Amino acid sequence: MIYLDYNATTPVDANVLAAMLPYFSEKFGNAASSTHLPGMQAKDAVEIARAQVAQTLHCETQEVIFTSGSTEAINLAIKGVFALYQSKGNHIVTVKTEHKAVLDTCAYLEKKGASVTYLPVDEHGQINLQELETAITEKTILVAIMFANNETGVLHPIADIASIVHRKNSIFFCDATQAVGKIPMEVRSLGIDMLCLSAHKFYGPKGIGALYVSRKNPRVQLEPILHGGGHERGWRSGTLNVPSIVGLGKACSEIKIENALAENHIYLEQRLIELLGDKIRINGAAANRLPNTSNITFPFKAVDFIRHTKNKLSVATGSACTSAQNLPSHVLTAMQLSKEQAEKSIRFSIGKYTTKKELDETIQLIEEVYQLT
Ligand code: PLP
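Please read these numbers as outputs of a predicted model, since none were measured by experiment.

What counts as what
Residues numbered from 1 in each chain as written. Predicted model: local features only at pLDDT ≥ 70, side-chain atom pairs only at ≥ 80, totals over all residues. Heavy atoms only, no water. Buried < 20%, exposed > 50% of the residue type's maximum accessible area, 1.4 Å probe, protein only. Helix = DSSP H or I, 4+ residues; strand = E, 2+ residues; numbered from the N terminus. Arc of directions from axis to C-beta. Polar contact = N/O pair within 3.5 Å; in protein donor to acceptor, adjacent residues only side chain to side chain. Contact = heavy atoms within 4.5 Å. Lys, Arg positive; Asp, Glu negative; His and termini not counted. Salt bridge = Lys/Arg side-chain N within 4 Å of Asp/Glu carboxyl O. Axes fitted to C-alpha atoms, helices over the stretch in contact; angles between N-to-C directions. Parallel < 35°, antiparallel > 145°, perpendicular 65-115°, else oblique. Left-handed = near helix turned anticlockwise from the far one by under 90°. Nonpolar A, V, L, I, M, F, W, Y, C, P; charged D, E, K, R; others polar. Near = heavy atom within 4 Å. Areas by Shrake-Rupley, 256 points an atom, 1.4 Å probe, with all protein chains shown as cover. Pairing = 2+ DSSP bridges. Domains from an automatic or database assignment. Buried area = accessible area lost by both parts, 1.4 Å probe.

*Asks:* A description of helix 10 (residues 302–309) should follow, citing residues and the corresponding values.
*Replies:* Here helix 10 has its buried residues at Ala 302, Phe 305 and Thr 309. Within helix 10, the buried residues cover an arc of 60 degrees as seen down the axis, which keeps them to one side.

Dropping the structure here:
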């Protein structure tokens, strides 16, 4: 089975698993039990992991809050700011191509009195910075724009966005779920005020992630959404998931930004262009993109391709979440693809275990389906 769905999730790295294992039974302490050794051992492990996350993001350890993943971190960031900054304004700016975790949270807040602007994108998935600047008013308390799109890999110009948001005196939250582990991440120099990440996207376990919240320039405050016990400086109550937190920290420390990823990614696209020329469209090709994601519209339906390759290849049609709902991808339709084009689009997302041989076999499968149509 060839796995080319690394944007959906990644396998846990062997070093990450080895680091986690002792914290299930041998070192089982509760990180909040400060009166005995097992508790202190667990707390120490959590703090080492927090430092590893902070090192990856180039921020301070106190700026890292552990969550159950990006969906929770996104909910905490957006709802948490809305609840606390409502006296300043009720306006949020985001983009039509965000992940559903952002879009659905914004839609929920609209029912609670928020006014949300959903910026459009061009055919390459890019926002217009002038439009962003115009959209931000004195009532705008938050701008939520992702680092890298999960379906197309399109990158937004994060430093430029941050400087516009700050010039307009608002807060910038960035969903970096797909970017962490694939490209360098320096929150402070980029000007990001809040950022989320999720371990299972970079060879860590599922169900664990973190929210970075800036403590200076600006010092961002949040209203918690989970109450009870006051863990994580009161922002996220609940007994800490020590083995997973250790796994997240280890996965961060194992991140290597490797050229091989980009080389394989370029190889796949070039071979497909040689094979099918202008019969395919690489979505977001004119934009800066992640070094692992190719979203391609073919002259055949994605479902037919999946049917043909199901037992040999794992790829996605749109994001994992939208494919469960069986709707044409909201990302591709925002990029002005027709419903029919969206239904002919497939996402290939490669990872550190992908080999050239696997890519050659994938290209062979694409050719087979093409010949059948
Ligand atoms: N944001 C983006 C861009 C994603 O790709 C995902 C996962 O697919 C999420 C958020 C949700 O992350 P999690 O699985 O940690 O809840």
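*Asks:* Tell me about the side chain of Ser 237, and please be specific about residues and values.
*Replies:* Inspection of the secondary structure puts Ser 237 in the loop between strand 8 (209–213) and helix 8 (242–253). Here Gly 228 takes part through its backbone oxygen, which lies 2.8 Å from a polar atom of the side chain of Ser 237. In this structure the side chain of Ser 237 is engaged in a polar contact, spanning 2.9 Å, whose partner is the backbone nitrogen of Gly 230. Excluding its chain neighbours within four sequence positions, the residues that come into contact with Ser 237 are Leu 226, His 227, Gly 228, Gly 229, Gly 230 and His 231.

*Asks:* Which residues make up the side chain of Asp 193, and what values do they have?
*Replies:* Here Asp 193 lies in the loop between helix 7 (187–190) and strand 7 (194–198). Put simply, Asp 193 is tucked away with no salt bridge, and the nearest opposite charge, on Arg 188, sits 7.0 Å away. At 2.8 Å, the side chain of Asp 193 and the backbone nitrogen of Phe 172 are in polar contact.

*Asks:* Tell me about the packing of helix 3 (residues 70–85) against helix 4 (residues 100–111), and name the residues and values.
*Replies:* Closest axis-to-axis distance for the helix 3/helix 4 pair is 9 Å, and the angle between their directions is 30 degrees. It follows that helix 3 is roughly parallel to helix 4 by the angle criterion. Regarding helix 3 and helix 4, the two cross each other, and that crossing is right-handed. Contact with helix 3, carried on its side by Thr 71, Ile 74, Asn 75, Ile 78, Lys 79 and Phe 82, involves Ala 101, Val 102, Thr 105, Cys 106, Tyr 108 and Leu 109 of helix 4 and no other residues of that element. A class-by-class count of the residues in the contact of helix 3 with helix 4 yields eight nonpolar, three polar and one charged.

*Asks:* Could you give me a rundown of the site of the ligand, with the residues and numbers involved?
*Replies:* The local shell around the ligand holds 13 residues, among which Ser 70, Thr 71, Asp 175, Ser 198 and Lys 201 are the closest. Contact between the ligand and Ser 70: an oxygen atom at 2.8 Å from a main-chain N or O atom of the residue. Here an oxygen atom of the ligand sits 2.5 Å away from a polar atom, N or O, in the side chain of Thr 71. For the ligand, the protein covers 86% of the area, taking 400 Å² as the surface of the free molecule. If one sorts the elements of the shell around the ligand by residue count, helix 3 sits on top with three residues.

*Asks:* Tell me what's going on with the packing of helix 9 (residues 259–276) against helix 14 (residues 356–372), and back it up with residues and numbers.
*Replies:* At their nearest, the axes of helix 9 and helix 14 sit 10 Å apart, and the two run at 25 degrees to each other. Here helix 9 is positioned roughly parallel relative to helix 14, judged by the angle of their axes. Of the two possible hands of crossing, helix 9 and helix 14 adopt the one that is right-handed. Across the interface between the two elements, Asn 264, Tyr 267, Leu 268, Arg 271, Leu 272, Leu 275 and Leu 276 of helix 9 pack against Lys 356, Leu 359, Asp 360, Ile 363, Ile 366, Glu 367 and Tyr 370 of helix 14.

*Asks:* Any chance you could break down the sheet that holds strand 8 for me, citing the residues and the numbers?
*Replies:* Here we have seven strands laid out as an open sheet, ordered 2-8-7-6-5-3-4, and mixed in their pairing. Across the chains shown, the open sheet's two edge strands, defined by having one partner strand only, are strand 2 (64–67) and strand 4 (115–119). Neighbouring strand axes in the sheet, compared pairwise and without regard to direction, differ in orientation by 20 degrees on average. The sheet strands contacting helix 3 are strand 2, strand 3 (91–95), strand 5 (140–144), strand 6 (171–175), strand 7 and strand 8, and the helix crosses strand 7 at an angle near 160 degrees.

*Asks:* Quick one: what's the story with the domain arrangement of the protein, residue by residue and with numbers?
*Replies:* In terms of domain boundaries, the protein breaks down into domain 1 (2–9 + 257–372) and domain 2 (14–253). Computed from C-alpha atoms alone, the centre-to-centre distance between domain 1 and domain 2 is 28 Å. Taken together, the contact pairs 32 residues of domain 1 with 30 residues of domain 2. Across the domain 1 to domain 2 interface the summed buried area is about 2600 Å²; carbon plus sulfur atoms make up 59%. A per-residue breakdown of the area domain 1 buries against domain 2 is headed by Ile 257, Leu 290 and His 330, which together make up 22% of the total. Applying the counting criterion to the domain 1 and domain 2 interface returns zero salt bridges. Going through the elements one at a time, strand 10 (293–297), helix 11 (320–325) and helix 12 (330–334) are the ones with two or more residues in the side of domain 1 that touches domain 2. With four residues, helix 12 is the single largest residue contributor to the side of domain 1 that touches domain 2. Classifying every residue of the side of domain 1 that touches domain 2 by side-chain character gives 13 nonpolar, 15 polar and four charged.

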